[in-house]
Amino acid sequence: MDIKFMHAEATDAEKSAVDAVLGAPDSGWDGGDHSRADDRIARLGHDARSRRDELLPALHGLQDRIGWISEGGLNYICRRLTIPPAEAYGVATFYALLSVQERPPIVVHVCDDTACRAAGVMEIIEDLESIAGASGNADGDSMWLTSPCLGQCDKGSAAFIQSAGAPNRVIAPSPATDIVSALAGEIPSTAPSLGAPQAGSAGLQLLRRVGVVDPWDLEDYRFHGGYAALRMAVHMGPAAVLREIKDAEVRGRGGAAFPAGIKWQGAASHPSRTKYIVCNADESETGTFKDRVLMEGDPYAVIEAMTIAGYAVGAEKGYLYIRGEYPVAEELLANAITKARAKGLLGSDVLGSGFAFDVEIRRGAGAYICGEETALFNSIEGYRGEPRSKPPFPTDVGLFGEPTVVNNVETLANVPLILMGGGPGFAASGTGGSNGTKLFCLAGAVEKPGVYEVPFGTTIRELLDLAGGVRGELHAILVGGAAGRFLPISRLDTPLTFEHLRDIKGTLGSGAIMVFNTEADMGAAVRRVAAFFRDESCGQCVPCRVGTVRQEEALARMEAGSDERAVLDDLAMVLRDASICGLGQLAAEAVQSAFELGVLES
Amino acid sequence: MTTFDTTTWTRIEPPARKVKVSIDGEDVIVTEGATVLDACRQAGVDTPTLCYGDTLTPVNACRVCVVEVEGSRALVPACSREAEGGMEISTDSNRVRKSRQLVLELLGSSVNLKLAGMKHWMDRYDADAGRFGPPGEPAGAGERDQAQPGHHHDVDGATAATVTEPPRIDNALYMRDYAKCILCYKCVEACGEDAQNTFAIAVAGRGFEARISTEFAVELPDSACVFCGNCIGVCPTGALMPMTEWTMRQAGTWNEEEQTITRTVCSFCGVGCNLELHVQDNKVVKATSPEDHSVTSGHLCIKGRFGWEHIQSVDD
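Residues numbered from 1 in each chain as written. Chains lettered and ligands numbered in written order. Predicted model: local features only at pLDDT ≥ 70, side-chain atom pairs only at ≥ 80, totals over all residues. Heavy atoms only, no water.

When its secondary structure is counted, chain B shows seven helices and 12 strands. Projected onto its principal axes, the C-alpha coordinates of chain B cover approximately 75 × 65 × 40 Å. Put simply, chain B has 316 residues, and 53% of those count as buried. Within chain B, contacts between residues at least 6 apart in sequence are counted, and of these 55% link residues at least 24 apart. Looking at chain B as shown, the accessible area adds up to about 15,300 Å², and 49% of this sits on carbon and sulfur atoms. (Helix = DSSP H or I, 4+ residues; strand = E, 2+ residues; numbered from the N terminus. Buried < 20%, exposed > 50% of the residue type's maximum accessible area, 1.4 Å probe, protein only. Contact = heavy atoms within 4.5 Å. Areas by Shrake-Rupley, 256 points an atom, 1.4 Å probe, with all protein chains shown as cover.)

Let us look at the sheet that holds strand E5 (residues 88-90) of chain B. Residues and elements named next belong to chain B. In space, the five strands of this open sheet follow the order E2-E1-E5-E3-E4, with mixed pairing throughout. Either end of the sheet is taken by a strand with one partner, and the two such strands are strand E2 (26-31) and strand E4 (76-77). Looking at chain direction, strand E3 (residues 66-69) and E5 are connected through two bridges and run antiparallel. Of the residues in E5, the one forming a bridge with Val69 is Ile89. In the packing of helix H2 (residues 94-110) onto the sheet, the strands contacted are E3 and E5, and the crossing angle to E3 comes to about 160°. (Pairing = 2+ DSSP bridges. Axes fitted to C-alpha atoms, helices over the stretch in contact; angles between N-to-C directions.)

This next bit is on helix H10 (residues 228-236) of chain A. For H10(A), the set of buried residues is A:Ala229, A:Leu230 and A:Ala233. Down the axis of H10(A), the buried set is contained in an arc of 100°. They therefore lie on one face. (Arc of directions from axis to C-beta.)

Another point: the packing of helix H4 (residues 71-81) of chain A against helix H5 (residues 85-92) of chain A. For any two helices packed against each other, one specifies the crossing angle of their axes together with the interaxial distance. Residues and elements named next belong to chain A. Between H4 and H5, whose axes approach to 10 Å, the crossing angle comes to 120°. Comparing their axes, H5 and H4 come out oblique. Here H4 runs over H5; the crossing is right-handed. On H5, the residues that touch Leu74, Asn75 and Cys78 of H4 are Pro85, Ala88, Tyr89 and Ala92. Per-class residue counts for the contact of H4 with H5 are six nonpolar, one polar and no charged. (Parallel < 35°, antiparallel > 145°, perpendicular 65-115°, else oblique. Left-handed = near helix turned anticlockwise from the far one by under 90°. Nonpolar A, V, L, I, M, F, W, Y, C, P; charged D, E, K, R; others polar.)

A separate point is the interface of chain A and chain B. Opposite the 63 residues of chain A that make contact, chain B presents 59 residues. Between chain A and chain B, a total of about 5,100 Å² is buried, with carbon and sulfur atoms accounting for 54% of that surface. Our count for the contact surface shared by chain A and chain B stands at five salt bridges. For A:Asp577, the salt bridge goes to B:Arg95, with nearest N and O atoms at 2.6 Å. Joining chain A to chain B, the criterion identifies 32 residue pairs in polar contact (both at pLDDT 80 or more). If one sorts the elements of the side of chain A that touches chain B by residue count, helix H22 (residues 542-559) of chain A sits on top with 11 residues. A class-by-class count of the residues in the side of chain A that touches chain B yields 31 nonpolar, 13 polar and 19 charged. (Buried area = accessible area lost by both parts, 1.4 Å probe. Salt bridge = Lys/Arg side-chain N within 4 Å of Asp/Glu carboxyl O. Polar contact = N/O pair within 3.5 Å; in protein donor to acceptor, adjacent residues only side chain to side chain.)

A word on the pattern of salt bridges. All names here are of chain A. Counting across every chain of the model gives 56 salt bridges over all chains. With a shortest N-O distance of 4.0 Å, Lys263 and Glu373 are connected by a salt bridge. Taken together, the residues span a long stretch of sequence, with Lys263 in helix H12 (residues 260-268) and Glu373 in helix H16 (residues 373-381) at a distance of 110 residues. The exposure class of Lys263 is buried, given its relative accessible area of 17%. Relative accessible area serves as the criterion here: at 18%, Glu373 is assigned to the buried category.

Attention now goes to the domain arrangement of chain B. Residues and elements named next belong to chain B. Parsing chain B into structural domains produces domain 1 (18-92) and domain 2 (167-311). In this structure, domain 1 and domain 2 have C-alpha centres spaced 29 Å apart. Across the domain 1 to domain 2 interface the summed buried area is about 920 Å²; carbon plus sulfur atoms make up 61%. It is Leu50, Thr55 and Leu56 that lose the most area in domain 1 upon contact with domain 2, and together they represent 56% of the buried surface on that side. Across the domain 1-domain 2 interface, the total number found is zero salt bridges. Partitioning the side of domain 1 that touches domain 2 into residue classes produces six nonpolar, three polar and one charged. (Domains from an automatic or database assignment.)

Once that is clear, we can look at the pairing of strand E7 (residues 347-350) of chain A. Pairing geometry for E7(A) and strand E8 (residues 355-363) of chain A, over two bridges, is antiparallel. Pairing of A:Gly347 across the sheet is with A:Phe357, part of E8(A).

Right, let's get into the packing of helix H13 (residues 290-297) of chain A against helix H17 (residues 409-421) of chain A. Residues and elements named next belong to chain A. At a closest axis distance of 9 Å, the pairing of H13 and H17 adopts a crossing angle of 50°. Taken together, the axes of H13 and H17 lie oblique to each other. Residue-level contacts link Lys290, Asp291, Leu294 and Met295 of H13 to Val409, Glu410 and Ala413 of H17.

What follows deals with a negative patch on the surface. Residue and element names in this part refer to chain A. A surface patch of negative charge is lined by Glu123, Glu126, Asp127 and Glu129. Mapped onto the elements, Asp127 comes out in helix H7 (residues 121-132). Looking at Asp127, the relative accessible area reads 42%, which means it is partly exposed. (Patch = residues over 30% accessible without salt bridge, like charges linked within 9 Å, V, L, I, M, F, W, Y side chains within 5 Å. Lys, Arg positive; Asp, Glu negative; His and termini not counted. Charge placed at Lys NZ, Arg CZ, Asp CG, Glu CD.)

Residue and element names in this part refer to chain A. The end-to-end C-alpha separation of helix H15 (residues 327-342) is 23 Å, in line with the 22 Å expected for 16 residues at 1.5 Å each. When H15 is considered as a whole, its buried residues turn out to be Pro327, Ala329, Glu330, Leu332, Leu333, Asn335, Ala336, Ile337 and Ala340. Count one or two residues on from H15 and you reach Gly344, which has phi positive near 75°. (Expected span 1.5 Å × (residues − 1).)

With glycine set apart, most residues show a phi of negative sign, and most peptide bonds adopt trans. Looking along the chain, the bond that leaves A:Ala172 and enters A:Pro173 is cis, with omega of -5°. Tracing the backbone shows A:Pro173 in the loop between strand E4 (166-171) and helix H8 (176-183). For the bond from A:Lys390 to A:Pro391, the omega torsion is 0°, close enough to zero to count as cis. Along the polypeptide, A:Pro391 turns up in the loop between H16 and strand E9 (404-408). A positive phi angle, close to 65°, is found at B:Arg63, a residue other than glycine. Here B:Arg63 is to be found in the loop between helix H1 (36-42) and E3. In this structure, B:Asn282 is a non-glycine residue whose phi angle is positive, near 60°. Mapped onto the elements of the fold, B:Asn282 is located in the loop between strand E11 (274-280) and strand E12 (283-288).

Residue and element names in this part refer to chain A. By the criterion of burial, strand E14 (residues 512-517) is predominantly enclosed, with six of the six residues buried. Every second residue of E14 is oriented toward a common face, with Ala512, Met514 and Phe516 on one face and Ile513, Val515 and Asn517 on the other, all of them buried. As paired elements, strand E10 (residues 437-444) and E14 share four bridges and run parallel to each other. Each bridged residue has a counterpart across the sheet, and for Leu442 the counterpart in E14 is Ile513. Relative to E14, strand E12 (residues 474-479) runs antiparallel, the two sharing five bridges. What sits directly across from Val479, in E14, is Ile513.

Set out below in structure tokens:
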């Protein structure tokens, strides 16, 4: 491929930011200085193109260090990786956390999403507007922007800070005064609290080590039972591990509830020699923060579970795709990988068994759609995060075209538990259709918001009691995040299982439970959900690209008194029936359920 | 020594397997690997398509060809789904009709479909592109290039947002009118891996602000564009157009019914690309290549597509 690059040159700072990610260039062929030796040998073709997947990390390198991606900077990345500039530009303009326009070195993203609204974040935003001016005002050395859910919903408010040349940070809760300090460059170094009120209680499974072990320390993890499951797996052999997972009948906890054992079996029995394990840690569903709690509280468990999956399936490489707004979790996981590698728990000879496995972290850049498994593959591979059509399914044609197992963080966290307790034992612990325990994210108008672990079959009422009860008078509950549905208040005694919720036209989704009291502005909440889908649609297919826009417009007209039910129903139908992926297919669910249940009527 | 007369040899292919599907209750037997769209066409079922092109990899983005397949939760795109034995396909069920209607309404309300040839489908499905309200204000020149992904702008719903913007004219050979762009990805594919391997354009931005763009939206002469015009050849909506056609359309002199098409061979080099010269008033007004031509598959180079004006230059 004979690529025409741009003429713009990168500054030395930009080059060094990119080289810090990609390593120094080898020759003039990959962006280095041209030497006479380059005239005698060409290094292009497959060698160069095989580095395409380093595009997003390189873009992050520029964004993190320089604060934006200039023409020269992008051109340099394109030369380094042999990528046509138009394609790299298409990728860079896909992500909310990347900017191809010059902007101030400090950018603060302030959550104004549904869960924080239910907790009253709009007051903070009004304060902020009066002190710091409107969002998006790029004058001066800093600016602030509104942001979709940042996964800190238990705090009721949150801000994510991008600061050129400094690590990204999160402040949560984020009172207006703290945001203003951050805009002035005073960035707090303390991380927000974990958000697991049950931490340390007896009887926990998934959360048993959260808040108990030192998340940095491998030895402490092992002292608390860590890596016993991997040792056991290696002792049992891959086929036996696979059998335990299948016997456990564990369903995926990412939202789709697909049986994990079937995925593992599909990839394991595929004849291809190269296979991948992908941990989907792009937790961007509104109101969901359970995966963050797991990763921040028990990071080694995620790595151990991925290693076990790799062993069972026959994969040598795992990718952990984590959303860009989780810098603390990313740092902890990177530490866990380094330490595990040093102790032979990852690498060319895991536990001396001859099995090779390693994990690489890939950071998202602000795109909800990249939590869709095939969009996630495209994002890792260095393409725009647009979903692929299925079939073929990931277990046949996944990451880099190879059979791939994609599991959510919480699903993986169940794996060591299953091995230690045995698959049949795990299966017996549930309700038949839903086995094991489940993490629920309680946010909004509850007294003690946070992640709660309960056995499947617990009712919503019990869960609300666990979270200290509703703050104010209960008005509505949104289960499953933006892609979920409102549930009738009369259904508080419905057991929370995949099958019970399906029976009442609901969904467990990601396990987000947003609680609204009578003070909440439900019209605004529903419009925020519609806006969320409009902003997060990748734009690939017509029903979602235009349908989400029309849905938001129709809701606005409705608020002004017009009857738009026929339009909204039609939009819901085409979104559900004709969209490529789950984002579009579920983009009208919350809105539709709000009408069906009359939650907009006060 | 035995000699073989290889000229009489026949190449033996493995027998093509057949699969049987049912389309609207009628059994259709197609070759394995055929798509649902192939099966529909074989069965004589007319199916609307926009983003599908015979010579391109299907991207199934427009969703106008969706059909209902028994056992599938959502509708499936006919253009890309492989026909499997036993599939029961409905092409005219209520769900299919409703989805096609809505897709056409959504497109019609946001994009100028005047030249997309969708009129009879709009009529057939009773699609009313005006039901979402009057069209919103057009964007200014270059405004859509500045859109930031994920940045929200509140709407009041009084008007329906569109992708309308001024036409982009930055060279003498062809123009881009993205107010007509349905984002079918065809031009990107033709510019890239499916034909030209130039990669001058890609989809940039996200969601409703997604658009076809060069790097940093530079003008075509500054981009990697080699002006082969293969993007024009595949554009289904007239968003990309040779300047000759655009100029005549603006002047109101473009008259397709008056045009004759003469098939000839391009004389620039020895490859043998077939050309179709579109002639109006005894003047060539446009050159294309037939899609079914074995050499070009409808694609040309800058010389074949644009290098014909000399044949009608008049010596003063």
